[in-house]
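Survey of secondary and tertiary structure
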Amino acid sequence: MRDIDHNIFTGEPRSEHDAAWRKLIEPMTTKISNEDYAEANIGDTLRFGDGSGYVAELSVYHELHCIRRIRRHLYLDHYYPTMSADADELNREKLHIGIFLSPSFLRPLPSITYTYVYELFSNAALRLDHCLEYWREAAMCRGDATLASMFWRDGLPTSRVYSEHECVDWEALDVWARANMVDVRNLTALVR
């Protein structure tokens, strides 16, 4: 695990931070060969006009994209300094993570500031940074190579993010974890 205090992906926005995130998620949409498309069983997706292959999205990059979007909402003043000018982009962001920025959360739009968000989360920005960094590392560690197909929506290529993933047996994992869990609040059980 990387040091959260000296990490290009964490902390307040800065040019090298934004550049690192842009570079990280660049290959989200990829070209797959006709042979790989036939094996992937992803259903209908966009194809290249020259017949050289198809367009798909790697799930790990979509995960990272989502983490980045949530991070950006911790710093609304930085990413949306003029809310009215950035309304179209903000609306796309709101639709993308609707529960995090529900309509009641965003009313009224012009009054939202980083301070408001910071106070809303009870001064927990550092903890949220830790959580988002943990998710980023976990996503990169697992590297979900599931391919998502693409379709046209409002004239733009859009991913179908609900693809079949190969998953662990959650119930078996949860049963094992519960049988072996430790209450770390019970300090008398631990050796110092």
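Above: the structure in question.
Conventions used here
- Residues numbered from 1 in each chain as written.
- Predicted model: local features only at pLDDT ≥ 70, side-chain atom pairs only at ≥ 80, totals over all residues.
- Heavy atoms only, no water.
- Helix = DSSP H or I, 4+ residues; strand = E, 2+ residues; numbered from the N terminus.
- Buried < 20%, exposed > 50% of the residue type's maximum accessible area, 1.4 Å probe, protein only.
- Contact = heavy atoms within 4.5 Å.
- Pairing = 2+ DSSP bridges.
- Axes fitted to C-alpha atoms, helices over the stretch in contact; angles between N-to-C directions.
- Parallel < 35°, antiparallel > 145°, perpendicular 65-115°, else oblique.
- Left-handed = near helix turned anticlockwise from the far one by under 90°.
- Arc of directions from axis to C-beta.

Comments concerning the overall build of the protein
The helix and strand tally for the protein stands at 8 helices and 5 strands. Taken from N to C terminus, the helices and strands of the protein fall in the order α-β-α-β-α-α-α-α-α-β-β-β-α. Taking all 192 residues of the protein together, the buried fraction comes to 33%. Taking the intrachain contacts of the protein between residues at least 6 apart in sequence as the baseline, contacts between residues at least 24 apart amount to 60%.

What about the sheet that holds strand 3 (residues 147-148)?
Here we have 3 strands laid out as an open sheet, ordered 1-2-3, and antiparallel in their pairing. The two strands at the open ends of the sheet, each matched to only one other strand, are strand 1 (29-32) and strand 3. Both strand 1 and strand 2 (residues 54-58) contribute to a ladder of 4 bridges, which runs antiparallel. For Thr29, the partnering residue across the bridge sits in strand 2 and is Glu57.

Some details on the side chain of Ser59
Note on placement: Ser59 falls in helix 3 (residues 59-73). Setting aside chain neighbours within four positions, we find Ser59 in contact with Asp144, Thr146 and His165.

What about the packing of helix 1 (residues 15-25) against helix 3?
Where helix 1 meets helix 3, the closest approach of the two axes is 9 Å, and the angle between their N-to-C directions is 155°. The angle between helix 1 and helix 3 falls in the class roughly antiparallel. As for the relative orientation of helix 1 and helix 3, their crossing is left-handed in sense. From helix 1, His17, Trp21, Arg22, Leu24 and Ile25 reach across to helix 3, where they touch Tyr61, Leu64, His65, Ile67, Arg68 and Arg71.

Brief notes about helix 1
All of the buried residues in helix 1 are His17, Asp18, Ala20, Trp21, Leu24 and Ile25. With its buried residues spanning 160° around the axis, helix 1 presents them on a single face. More than 90 degrees from the buried face of helix 1, the exposed residues found are Ser15 and Lys23.

Quick notes on the pairing of strand 5 (residues 156-159)
Two strands pair when backbone bridges link them, and strand 4 (residues 150-153) and strand 5 are joined in this way by 4 bridges, in the antiparallel orientation. Bridging across to strand 5, Met150 finds its partner in Ser159.

Structural notes on the environment of Tyr61
Structurally, Tyr61 can be placed in helix 3. Between the C-alpha atoms of Tyr61 and Ala145, which are 84 residues apart in sequence, the distance is 8.9 Å. Not counting chain neighbours up to four residues away, the residues in contact with Tyr61 comprise Leu24, Ile25, Pro27 and Met28.

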